[in-house]
Amino acid sequence: MTTLSSSGSRPTPTLEMVAALAGVSRSTVSRVVNASPKVTPDVISAVNDAIEALGYVPNRAARSLASRRTHTIALVIPENTARFFADPYFASVIQGVAMYLSSTEYTLTLLISSETDPSKTRRYLQGGNVDGALILSHHSDDQSYVQLARSLPVVFGGRPTSEAGPDTYVVDVDNVAAAERATAYLLSHGRSRVATIAGPQNMSAGIDRLEGWRRALGAAGIHDDLVEYGDFTPQGGAEAMQRMIDRGTPFDALFAASAQMASGALGVLREHGLVVPRDVSVTTIDNDYYAQNATPPLTTIDQPSTTQGAKIAETLVRLIEGETVERLTIIPTQLVERESV
């Protein structure tokens, strides 16, 4: 049976027509179209030549039905909308994910998990709408995404605080080592009273960066407890810095667990007549807009978010395709020296 195109001028190429032109069976063409490894290079070449000559476009809907695949990947952000749009980290990760997926057959769906009904997002993910999910910014008060990995391929961009299971795959930086290096840098420049603005303690990045600060001080024989907590935002950093100053305990350096919090802290230091780095040296993590455009520009640990995004996408695609992948992939970081120390 010949199918006419919408214009009626020429038949729409079909799988059968490709098979006839290539001199192979319909099932062989199907295997080539679906990238089966059970086809010889000569046959693949002949089928691809026929596809190009005829202008055949595979029916993706039929292929998805046959393979039970949607060729869609969800990137899930379990954060409120305001924080998502304000944080350059998410934009960089999404750019990396999109860049990698552009070279594959997969498309990207962005899901900002509902604050009022997070179960709605999980129902969508488990409803056969996607082939896998990337989870960013996971909180300890929502263990369901770890549980989701039992029924759907899932890769976390950042270590989940919930107990990892055999289906947990993570792409992250070593946040403990990054914070330890940033703190040790302050100590190596003659500072001895290093305060910190730690991140939320229901997120692995907040927990691990506080641990890195403590390790660096412990290695130097210092056991201060100059800790205040923020929420990874400029306002959170400013409020934490104000509380630190109100304590009245002297300090000559600050490690802030994110560049956004460091930028907020700088404004409060200026309000109190403290000059960076003369009076207080500052280091942080994230080589983003906040670090680069602060006054002064901030010495920081660069975690390459675009690279991380590409890697979590690659890991998930390989997982969906049935390949063996590492359960933990660590992205290297780099110290960037600027004028804040």
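Relevant structure appears above.
Residues numbered from 1 in each chain as written. Predicted model: local features only at pLDDT ≥ 70, side-chain atom pairs only at ≥ 80, totals over all residues. Heavy atoms only, no water.

**Considerations on the pattern of salt bridges**
Here is step 1 of the chain: Going through the model one piece at a time under the given rule, you end up with nine salt bridges.
Here is step 2 of the chain: What you see here is one network of salt bridges that share partners, running through Glu228, Arg243 and Arg247. (Salt bridge = Lys/Arg side-chain N within 4 Å of Asp/Glu carboxyl O.)

**Observations concerning the environment of tyrosine 56**
Here is step 1 of the chain: By the secondary structure assignment, tyrosine 56 is in the loop between α3 (41-54) and α4 (60-67).
Here is step 2 of the chain: Residues tyrosine 56 and threonine 12 lie 44 residues apart in sequence; the distance between their C-alpha atoms is 7.7 Å.
Here is step 3 of the chain: What tyrosine 56 contacts, discounting residues up to four positions off in sequence, is Pro13, Thr14, Leu15, Val18, Val33 and Ile51. (Helix = DSSP H or I, 4+ residues; strand = E, 2+ residues; numbered from the N terminus. Contact = heavy atoms within 4.5 Å.)

**Structural notes on the nonpolar core**
One broad rule of soluble globular proteins: the nonpolar side chains tend to lie buried together.
Here is step 1 of the chain: By size, the foremost hydrophobic cluster in this structure holds 27 residues, and its most contacted members are Met241, Phe251, Leu254, Leu269 and Val282.
Here is step 2 of the chain: Among the elements of the structure, β6 (194-198), α11 (234-247), β8 (253-256) and α12 (259-271) are those that each provide at least two residues to this core.
Here is step 3 of the chain: The greatest single-element share of this core, amounting to seven residues, is contributed by α12.
Here is step 4 of the chain: Discounting chain neighbours no more than four positions away, the residues touching methionine 241 are Ile197, Phe251, Leu254, Ala265, Val268 and Leu269.
Here is step 5 of the chain: Phe84, Val97, Tyr169 and Ile331 belong to the second-largest nonpolar core, a separate cluster that totals 25 residues. (Core = buried A, V, L, I, M, F, W, Y, C linked by side-chain atoms within 4.5 Å. Buried < 20%, exposed > 50% of the residue type's maximum accessible area, 1.4 Å probe, protein only.)

**Re the sheet that holds strand β2 (residues 107-112)**
Here is step 1 of the chain: Taken in spatial order, the six strands of this open sheet run β2-β1-β3-β4-β5-β11, and their pairing is parallel. What marks the edges here is a single partner per strand, and that holds for β2 and β11 (328-330). Averaged over all adjacent pairs, the angle separating strand axes in this sheet is 20°, with direction ignored.
Here is step 2 of the chain: Of the pairings in the sheet, the one linking strand β4 (residues 154-157) to strand β5 (residues 169-172) comprises three bridges and is parallel in character. Along β5, the bridge assignment pairs phenylalanine 156 with valine 170.
Here is step 3 of the chain: Contacts from helix α6 (residues 88-101) reach β1 (72-77), β2, β3 (132-136) and β4, with the element oriented near 155° to β3.
Here is step 4 of the chain: Its contacts with the sheet put helix α14 (residues 305-320) on β1, β3, β4, β5 and β11, and the angle it makes with β4 is roughly 165°. (Pairing = 2+ DSSP bridges. Axes fitted to C-alpha atoms, helices over the stretch in contact; angles between N-to-C directions.)

**Here we look at the packing of α6 against α14**
Here is step 1 of the chain: The contact between α6 and α14 brings their axes to 7 Å, and the two run at 45°. Judged by the angle between their axes, α6 and α14 are oblique. The interaxial crossing formed by α6 with α14 has right-handed handedness. Where α6 approaches α14, its residues Tyr89, Ser92, Val93, Gln95, Gly96, Val97, Met99, Tyr100 and Leu101 are matched on the opposing element by Ser305, Thr306, Gln308, Gly309, Ala310, Ile312, Ala313, Glu314 and Val317. (Parallel < 35°, antiparallel > 145°, perpendicular 65-115°, else oblique. Left-handed = near helix turned anticlockwise from the far one by under 90°.)

**Focus on the packing of aromatic side chains**
Here is step 1 of the chain: A complete count under the given rule lists two aromatic pairs for this structure.
Here is step 2 of the chain: Consider the rings of tyrosine 89 and phenylalanine 90, whose centres lie 5.6 Å apart with planes at 65°: the pair is edge-to-face. Like phenylalanine 90, tyrosine 89 is buried.
Here is step 3 of the chain: Ring centres of tyrosine 289 and tyrosine 290 lie 5.7 Å apart, and the angle between their planes is 85°; on these two criteria the pair is classed as edge-to-face. (Phe/Tyr/Trp six-rings, centres within 6.5 Å; stacked < 30°, edge-to-face > 60°.)

**Observations regarding the sheet that holds β8**
Here is step 1 of the chain: Taken together, the six strands give an open sheet; going across it, the order is β7-β6-β8-β9-β10-β12, and neighbouring strands pair in mixed fashion. Edge positions in the sheet fall to β7 (227-229) and β12 (334-336), since each has one partner strand and no second. Geometrically, the sheet is characterised by an average inter-axis angle of 20° between neighbouring strands, direction not taken into account.
Here is step 2 of the chain: Relative to strand β10 (residues 299-302), strand β9 (residues 281-285) runs parallel, the two sharing three bridges. The residue bridging isoleucine 285 from the neighbouring strand is isoleucine 301, located in β10.
Here is step 3 of the chain: This element, helix α9 (residues 175-188), spans β6, β8, β9, β10 and β12 of the sheet and lies at about 165° to β9.
Here is step 4 of the chain: Packed on one face of the sheet, α11 meets β6, β7 and β8 and runs near 150° to β7.

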